[in-house]
Amino acid sequence: MTSFTTTEEDCPLLCFPSCTSTVFSFTFTLHCRPAFRRRREVKGFPAFSVTMLVALVLLLLPFGSLPTSSGAQVPNQGQIKDPPIATNGQPFPWNHMRLPKTISPLHYDLSIHPNLTTLDFTGTVRIELDVHEDTSSIVLHSKKLQIFSVLLLAPEGVRPLQVLEYPRSHQLALLSDSMLIKGSKYEVQLEFAANLSDSFHGFYKSSYRTSSGEVRFMASTQFEATFARGAFPCFDEPAFKANFTIRITRERRHIAISNMPKVKTIELPGGLLEDHFDTSVEMSTYLVAYIVSDFLSVSKTTQHGVKISVYAVPEKIDQTAYALDAAVKLLDFYDDYFDIPYPLPKQDLAAIPDFQSGAMENWGLTTYRESGLLFDPDKSSVSDKLGITKVIAHELAHQWFGNLVTMEWWNDLWLNEGFAKFMEFVSLDITYPELQVDDFFLGKCFEAMEVDSLSSSHPVSHPVENPVQIQEMFDDVSYDKGACILNMLRDFLTPEAFEIGIIKYLKRFSYKNTVNSHLWESLTNVCTSDYLDEGRIKHREFCSNRDLSSGASKWYSGDELDVKAIMDTWTLQEGFPLVTVEVRGREVRLSQERYLKTDDPSLTEGFLWQIPLTYMTSVSNTVHRFLLKTKTDVLYLPEEVDWVKFNVDMSGYYMVHYAGEGWNSIIRLLQNNHTALTSNDRASIVQNVFQLVSVGKVRLDTALELSLYLSKETEIMAVTQGFGELVPLYKLMEKRDMADLEKQMKDYIVDLFQGLIDRQEWTDSGSVSERVLRSYLLLFACVRNYAPCVTKATQLFHKWKESDGNISLPVDVTMAVFMIGARTPEGWDFLLEKYRSSGQMSVKSRMKAAMAFSPLQDKLKWMMEQSLYGEVIKTQDLPGVVVTVSSNPRGYRMAWEFLRANWHTLIKKFDLGSHSVSYMVTGVTNQYSTRDMLDEIRGFFGSLSEETGSEMRCIQQAYESVEDNIRWMDTNLPLLQAWLDKHKHRISHEDL
């Protein structure tokens, strides 16, 4: 699944210090350094577009120790504290959140009849069961379903079962008056009914408005992680894989699609039709999907014979061509790369008008936000194209990582999401080199570090028990950190050995469930005889020339490679290491500790990683490698050097502190010859030095002196990271009455990048990275009221408005143009008029972001209220609207009050633990830096009960972020003032 955030193009201004976005809408990932940031992913939500820009805008606006278990990290079975009592007052026979292992499903025969007039549905499910232990009860999941009839189909005949319900655990117990015998096969049949859900989960209703104003309804599913139980009774845990045969009853004016191809349609009395779908492969319940709608589709066939179809509402079917071509190319790529044929005859991609996440990997029927799938060559930006391609790559990677091989339990969600996120970049680097996806991977690691630097973070593999905890696992740690440690492991093992290992993993565990250790086993001794017998020629050649130990010998010697021992330190403990490097002559002293934003040093104790260090020096471009397995160690260089750079290209998931004269040597290098380092190295240096200010390792004036080199920077990753570190410094001041210092800081940033801004053309020319950077810079300049930018944007907006929106603006500059236009009531109203009538999702996203950043407070209030109502602005976009308003200097207080006033409605609509709720909580609070506001935030969230969210991790993250902001301001404001005064004096002196 792809989590929904903003697009990287839009992230720049709005959200810094780290922008994650997703083309699917305009939710921005607000990363405020030193404040806590937003995501997302959103699920994978990968994407980029208005989002990155919006991000920029938002930016600009005020705005344990290592576990010892080595097997499956199965969470505590979650024994219920009090003896469970069913709704009828009888004792419930099971007292754990997890289902018993006494019975497992083999096959579901599911019939569903949704009524799109009354907006409810009925159904019948017959489940074939395998009994592993003698038992008289069948315990399975059901949530808010009316159960009408339950029958047991046993070898000796058909008989009714007694039904007990325990809503707290979403469980049903079906009681038999005779024992079900181990080894015997039974079937149970249940009839049920429910309303189509008002949320975005389960079997839910969606709607859209045609150009003529007609509202049309449809029904769609979203079952990950624990919502299949709201659509039909089932064993709703990932390890209970089974086959599914689905039938859907519909009206003639609709179509139905599901995971498998339709095999026949039967006419029923009353003019209804019943579509029968082929039986699926074995899969988990969360991957089941079906849609009833009036969608149209376009189709092509891959080189391997798989039919690809893209579905959308009729008036948007002309925006599906790009997604169709991308899906064909990417499915063929994965088919070849994984050396495992895609197992289904078709793959559908459907754009859903109402969709909470970014996308979902249902096997054979992936679903998306419209903004994550639909592309208009004339109106969509290059960031939109990048985001859409990434999200398709993410969901199609899941057809192998997640669907074919599935984690045993949600504690290892990262085996699904980390791999899918990682494969986005691997696949696009090969299939779409023109998208320059490598320029954006580093941002994923920076985003993960934002969350992972707090004590409320969690290990990549982390015990979870209930649905709220499971939902919270869909975060930057599972997605982005997972991808970053996989990238580090690939660099460690070599890309060839890594590829062999993951193919072994997929082949060995096809249609099965796995835990962490299964992956590490497959990546150890990859050149075994069993693989060589069936491996590809290129892999056999690799293994004949070098085995894995020789491939890894560049890291160490003398020890047997133990992938599990290395990677357990990265997946079973939270956080990441800070490596301190001190050069004394030829001697390089190394030490490691946990990087943690806290004023309690004891929280950093007890952590130790096995770190694949890489480094280069002033005298050698060769990448040297060393596996640091101890708290301290010493390296010896062949000769003395002027500088050393560790974590080359930031291939490792760790920060580096250069002690002694180390930072001064790096600053001299950047000032005199910054291109001696790659752009990724420069970006990581900028990120590291400012993050080290937050933990007291580096003085702020040192970091600011380093930032001066950015006036010569032109590469997107280093430039955007510079913004990401500097903008949050003034954003913290915007909510404190510090107008003079705030203006000084803003002026410094504009002056720093003025040369690069002035060189930008108001066109759509250049490479992908150049175009994304242009959008970013012009948006920043306009929001910061840089006169040449404001003048040009104002002229373009007036020309566009005078043409009634008919002239074509350069796509790359529309965000900046709309942002300026939304500052006046007339301009804002015109944008709203065009927003209502536009059918291009990317254009609507840019308009929405601009309107939410307007200084017109009555308009901001209206937007939040309308997003909650869902008529003009879709409720799926509410989190993005609220967070954008919260970053607006004229709207942050309104956003906080809106969140509090509508809390109970919001958690009902978006569900506790969801990324949407987490995004709003952290996005609305992370720019505060006063003790009074911290008390107010604690007062509200502290008043909640567990049922209304008091235990959510995002609340603890919000507290920590504000506390970190307070510490930062208390420590660094005098230094910031002194440095800016000195810099201003220095510039004035140079001008003289």
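Our structure's up above, just so we're on the same page.
What counts, and at which threshold
- Residues numbered from 1 in each chain as written.
- Predicted model: local features only at pLDDT ≥ 70, side-chain atom pairs only at ≥ 80, totals over all residues.
- Heavy atoms only, no water.
- Helix = DSSP H or I, 4+ residues; strand = E, 2+ residues; numbered from the N terminus.
- Buried < 20%, exposed > 50% of the residue type's maximum accessible area, 1.4 Å probe, protein only.
- Areas by Shrake-Rupley, 256 points an atom, 1.4 Å probe, with all protein chains shown as cover.
- Pairing = 2+ DSSP bridges.
- Axes fitted to C-alpha atoms, helices over the stretch in contact; angles between N-to-C directions.
- Core = buried A, V, L, I, M, F, W, Y, C linked by side-chain atoms within 4.5 Å.
- Contact = heavy atoms within 4.5 Å.
- Parallel < 35°, antiparallel > 145°, perpendicular 65-115°, else oblique.
- Nonpolar A, V, L, I, M, F, W, Y, C, P; charged D, E, K, R; others polar.
- Disulfide = S-S within 2.5 Å.
- Salt bridge = Lys/Arg side-chain N within 4 Å of Asp/Glu carboxyl O.
- Phe/Tyr/Trp six-rings, centres within 6.5 Å; stacked < 30°, edge-to-face > 60°.
- Left-handed = near helix turned anticlockwise from the far one by under 90°.

Some words on the overall build of the protein
Here is step 1 of the chain: A count of helices and strands for the protein gives 31 helices and 29 strands.
Here is step 2 of the chain: Within the span of the protein, comprising 992 residues, buried residues form 66% of the whole.
Here is step 3 of the chain: Summed over all atoms, the accessible surface of the protein reaches about 32900 Å², with 48% contributed by carbon and sulfur.

Things to note about the sheet that holds strand 26 (residues 620-628)
Backbone hydrogen bonds are what pair the strands of a sheet, in a parallel or an antiparallel way.
Here is step 1 of the chain: Strand order in the open sheet formed by three strands is 26-25-28, with antiparallel pairing between adjacent strands. Of all the strands in the sheet, just strand 26 and strand 28 (644-646) have a single pairing partner and so form its edges. With direction set aside, neighbouring strand axes in the sheet form an average angle of 25 degrees.
Here is step 2 of the chain: Note that strand 25 (residues 611-617) and strand 26 share six bridges and pair antiparallel.

Structural notes on unusual backbone geometry
Negative phi characterises most residues that are not glycine, and trans characterises most peptide bonds.
Here is step 1 of the chain: Omega for the bond connecting Glu224 with Ala225 falls within 30 degrees of zero, at 5 degrees, which places this linkage in the cis form.
Here is step 2 of the chain: Here Ala225 shows up in the loop between strand 10 (215-222) and strand 11 (243-250).
Here is step 3 of the chain: Although it is not a glycine, Asp911 sits at a positive phi angle of roughly 80 degrees.
Here is step 4 of the chain: Considering the arrangement of structural elements, one finds Asp911 in the loop between helix 28 (903-910) and helix 29 (915-925).
Here is step 5 of the chain: What makes Asp911 buried here is its relative accessible area of 15%.

Focus: the nonpolar core
Here is step 1 of the chain: Membership of the largest hydrophobic core comes to 325 residues, with the highest contact counts inside it found for Phe232, Tyr290, Ile392, Phe646, Leu726 and Phe941.
Here is step 2 of the chain: When residues of this core are assigned to their parent elements, the largest contribution, twelve residues, is made by helix 31 (residues 953-991).
Here is step 3 of the chain: Ignoring anything within four residues of it in the chain, the contact list for Ile392 reads Ala323, Ala326, Ala327, Leu330, Leu349, Tyr368 and Leu373.

Some points on the packing of helix 5 (residues 414-431) against helix 6 (residues 438-452)
Here is step 1 of the chain: Interhelical geometry of helix 5 versus helix 6 gives an angle of 170 degrees and a closest axis separation of 10 Å. As summarised for this structure, helix 5 and helix 6 are arranged roughly antiparallel, according to the angle between their axes. Where helix 5 approaches helix 6, its residues Lys421, Phe425 and Asp429 are matched on the opposing element by Asp438, Phe440, Phe441 and Lys444.
Here is step 2 of the chain: Here the residues of the contact of helix 5 with helix 6 sort into three nonpolar, no polar and four charged.

Things to note about the state of the cysteines
Here is step 1 of the chain: Tallied over the full model, the rule gives two disulfides.
Here is step 2 of the chain: The disulfide partner of Cys782 is Cys789, and the S-S distance across this bridge is 2.1 Å. Across the disulfide from Cys782 to Cys789, rotation about the S-S bond amounts to roughly -90 degrees, and the bridge is consequently left-handed.
Here is step 3 of the chain: Of the residues examined, Cys789 reaches a relative accessible area of 3% and is grouped as buried.

Some points on the pairing of strand 7 (residues 171-180)
Here is step 1 of the chain: Inspection of the sheet shows strand 3 (residues 135-141) paired to strand 7 by six bridges, in the antiparallel sense. Bridge assignment links Leu140 to a residue of strand 7, and that residue is Leu172.
Here is step 2 of the chain: Direction of pairing for strand 6 (residues 162-166) relative to strand 7: antiparallel, over a ladder of five bridges. Note on strand 7: the bridge partner recorded for Gln162 is Leu175.

Topic: the pattern of salt bridges
Two side chains of opposite charge can pair, provided their charged atoms sit close to one another.
Here is step 1 of the chain: The final tally for this structure, using the stated rule, is 53 salt bridges.
Here is step 2 of the chain: The partner of Lys481 in a salt bridge is Asp452, with the nearest N and O atoms 2.9 Å apart. Of the two residues, Lys481 is situated in helix 8 (residues 476-493) and Asp452 in helix 6; the sequence distance between them amounts to 29 residues. Of the two residues, Lys481 and Asp452, both sit in the buried class.
Here is step 3 of the chain: Connected via shared salt-bridge partners are Asp764, Arg771, Arg774 and Asp812.

Section: the sheet that holds strand 19 (residues 359-360)
Here is step 1 of the chain: In space, the five strands of this open sheet follow the order 16-17-18-20-19, with mixed pairing throughout. Single-partner strands in this sheet number two, and they are strand 16 (296-301) and strand 19.
Here is step 2 of the chain: Bridge count between strand 17 (residues 307-312) and strand 18 (residues 346-352): five bridges; the pairing is parallel. From the neighbouring strand, Ser309 faces strand 18, where its bridge partner is Asp348.
Here is step 3 of the chain: Helix 4 (residues 382-397) rests against strand 18, strand 19 and strand 20 (365-369) of the sheet, and its axis sits at about 150 degrees to strand 20.

Looking at the packing of aromatic side chains
Here is step 1 of the chain: Counted under the stated rule, the structure contains 52 aromatic pairs.
Here is step 2 of the chain: Taken together, a centroid distance of 5.6 Å and an interplanar angle of 20 degrees make the contact between Phe200 and Phe910 stacked. Here Phe910 lies in helix 28 and Phe200 lies in the loop between strand 8 (185-195) and strand 9 (202-209), a separation of 710 residues in the sequence. Neither Phe200 nor Phe910 differs from the other in exposure class; each is buried.
Here is step 3 of the chain: Relative to Phe338, the ring of Tyr337 lies with its centre 5.4 Å away and its plane at 80 degrees, an arrangement referred to as edge-to-face.

A closer look at the packing of helix 22 (residues 814-821) against helix 24 (residues 841-852)
Here is step 1 of the chain: Running from N to C, helix 22 and helix 24 point in directions that differ by 40 degrees, and their axes come no closer than 8 Å. One way to sum up the angle between helix 22 and helix 24 is to call them oblique. Remark: the crossing between helix 22 and helix 24 carries right-handed chirality. Between helix 22, through Thr814, Met815, Phe818 and Met819, and helix 24, the contact on the second element is made entirely by Val843, Arg846, Met847, Ala849 and Ala850.
Here is step 2 of the chain: Tallied by class, residues from the contact of helix 22 with helix 24 come to seven nonpolar, one polar and one charged.

Observations concerning the environment of His518
Here is step 1 of the chain: Tracing the sequence through the fold places His518 in helix 10 (residues 516-522).
Here is step 2 of the chain: Between the C-alpha atoms of His518 and Lys564, which are 46 residues apart in sequence, the distance is 9.3 Å.
Here is step 3 of the chain: When sequence neighbours within four positions are dropped, the list of residues in contact with His518 reads Tyr505, Phe509 and Asn513.

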